[in-house]
Amino acid sequence: MNRSALAALLAENSWHFLPYHLPLRNKLTTKQESDSLRKGLLLFWQSEVGIVYGEIAPLPGLHSESLDEAKFLVQNHFPNFIKELESSNDSWLELNYPKALVPSVKFGFEMLAFHYQLLQQEYSLAQFLNPEPSFSVSLNGLLDGSLYGLESEIQRCKIAGYKTVKMKVGRSELKEDIQRVRLVRRKWNDVEIRLDANQAWTLKEAKEILSALADCHLAYCEEPLQNPQELPQLKKFCEVNLALDETLWKDPELVKSIQNNIHAYILKPGILGGWQETLKWINSAKSTGILPVLSSSFESGIGHLWIALLASCYVSKAPAVGLDTAFWFENDLLNPSFTSRTQNGRLILPPKWPEFFDLNMKVLQAPD
């Protein structure tokens, strides 16, 4: 997609969405499919203050909505939304977004509203945001490979300067996961290790593996159980801290009943329904002494940047944010790419939000 083609689109209508296709270093496998491309939408609008945009990227196997359903909702709700946005004096965080929006679409509408109001006020990011962001955000590395390839992943994360890593577990035999975690601790004595089991284990299996790893000094284990109702039983048995991710949006009532057993909430704005909803979880976590940890839903670098920026504002002394999924992109929608903006395991936030034509137009596809 080039500027002249975009100009022709905007001559027909003041707003559009364009699909993007981001090639991946490795195939992304979810419960529904395996794909070598990450697909999403860039929603943009030619407003009176310039072109503003938002990213919409439901991930098959994680979000309940499909990309086609997201397109349908945009077509039905965006025209009225921009009329309300133009006439409202409310902050983007206080706007009444259409109730019918699914989480990934709400995420994109919020980003666009944020961009619009930022341009309206002609402020820098530091001036616009309250509280003012810290312009360096700690990130965690992602260790996702088998025992055979783990040492090269450890080396990559060391070179990147990460002080925290998140290990995906629960996909292989317990014995291999124990070996993998022990290898990381042996090769990298001072790194903080987080585990993510994605609800893979029975209570018996979780007790076995977390007991075996008690001397590895884990930061926490995220979603260890197939049945989260058993988390209090697991907590009584082992000293490893426990964290919630999927349970937050699948069963929020259960979360209330077991929160005394929980060390951290893993908060994904792209699936919780944007920043209005995420801030509710952040405030709830803070009020109960639970650690709020921000993470992506595998959005592009723009979505990653958006999450890092707001984590730096709303989570005091933000723990390492889960954004190493950006490493999987061979090409990024953000230009320069998200990974090129990291130094010594930290993201250096830009002084201003990227303008529309600063993005990587090459990954945008022609309209369907």
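These lines cover the structure that appears in this document, whether it is placed above or below. Here the structure is a predicted model, which is why all the values come from computation and not from measurement.

Quick look at empty space enclosed by the protein now. Taken as a whole and judged by the stated rule, the model has one cavity of 30 Å³ or more. Roughly 30 Å³ of internal volume is contained in the largest cavity. Lining the largest cavity are N140, K166, R194, Y220, E222, I266, V293, L294, S295 and G322. Contributing elements (two or more residues each) for the lining of the largest cavity: β8 (220-222) and β11 (291-294). Of the residues in the lining of the largest cavity, the class split is four nonpolar, three polar and three charged.

With that out of the way, let us pick up the packing of helix α12 (residues 274-287) against helix α13 (residues 301-314). Between α12 and α13, the shortest axis-to-axis distance is 12 Å and the interhelical angle comes to 40°. The two elements α12 and α13 meet at a crossing, and its hand is right-handed. For the pair α12 and α13, contact is made by W275, L279, I282 and K286 and by W306, I307, L310, A311 and Y314, respectively. Each residue belonging to the contact of α12 with α13 can be placed in one class, and the counts come to eight nonpolar, no polar and one charged.

Before going further, it helps to examine the pairing of strand β6 (residues 164-168). For β6, the buried fraction is high: five of the five residues fall into the buried class. Of the two faces of β6, both are covered, the one formed by T164, K166 and K168 as well as the one formed by V165 and M167. Note on the crossover from strand β5 (residues 141-143) through helix α5 (residues 150-160) to β6: the handedness is right-handed. In this view, the connection linking β6 to its parallel neighbour strand β7 (residues 192-196) by way of helix α6 (residues 174-187) has right-handed handedness.

Rules used in this analysis
Residues numbered from 1 in each chain as written. Predicted model: local features only at pLDDT ≥ 70, side-chain atom pairs only at ≥ 80, totals over all residues. Heavy atoms only, no water. 1 Å grid on protein atoms, 1.4 Å probe; cavity = no way out; pocket = protein on both sides within 12 Å on 5 of 7 lines; lining within 4 Å. Points joined across faces, edges and corners; volume = space filled by probe spheres on them. Helix = DSSP H or I, 4+ residues; strand = E, 2+ residues; numbered from the N terminus. Nonpolar A, V, L, I, M, F, W, Y, C, P; charged D, E, K, R; others polar. Axes fitted to C-alpha atoms, helices over the stretch in contact; angles between N-to-C directions. Left-handed = near helix turned anticlockwise from the far one by under 90°. Contact = heavy atoms within 4.5 Å. Buried < 20%, exposed > 50% of the residue type's maximum accessible area, 1.4 Å probe, protein only. Right-handed = clockwise from strand over helix to strand, strands pointing away.

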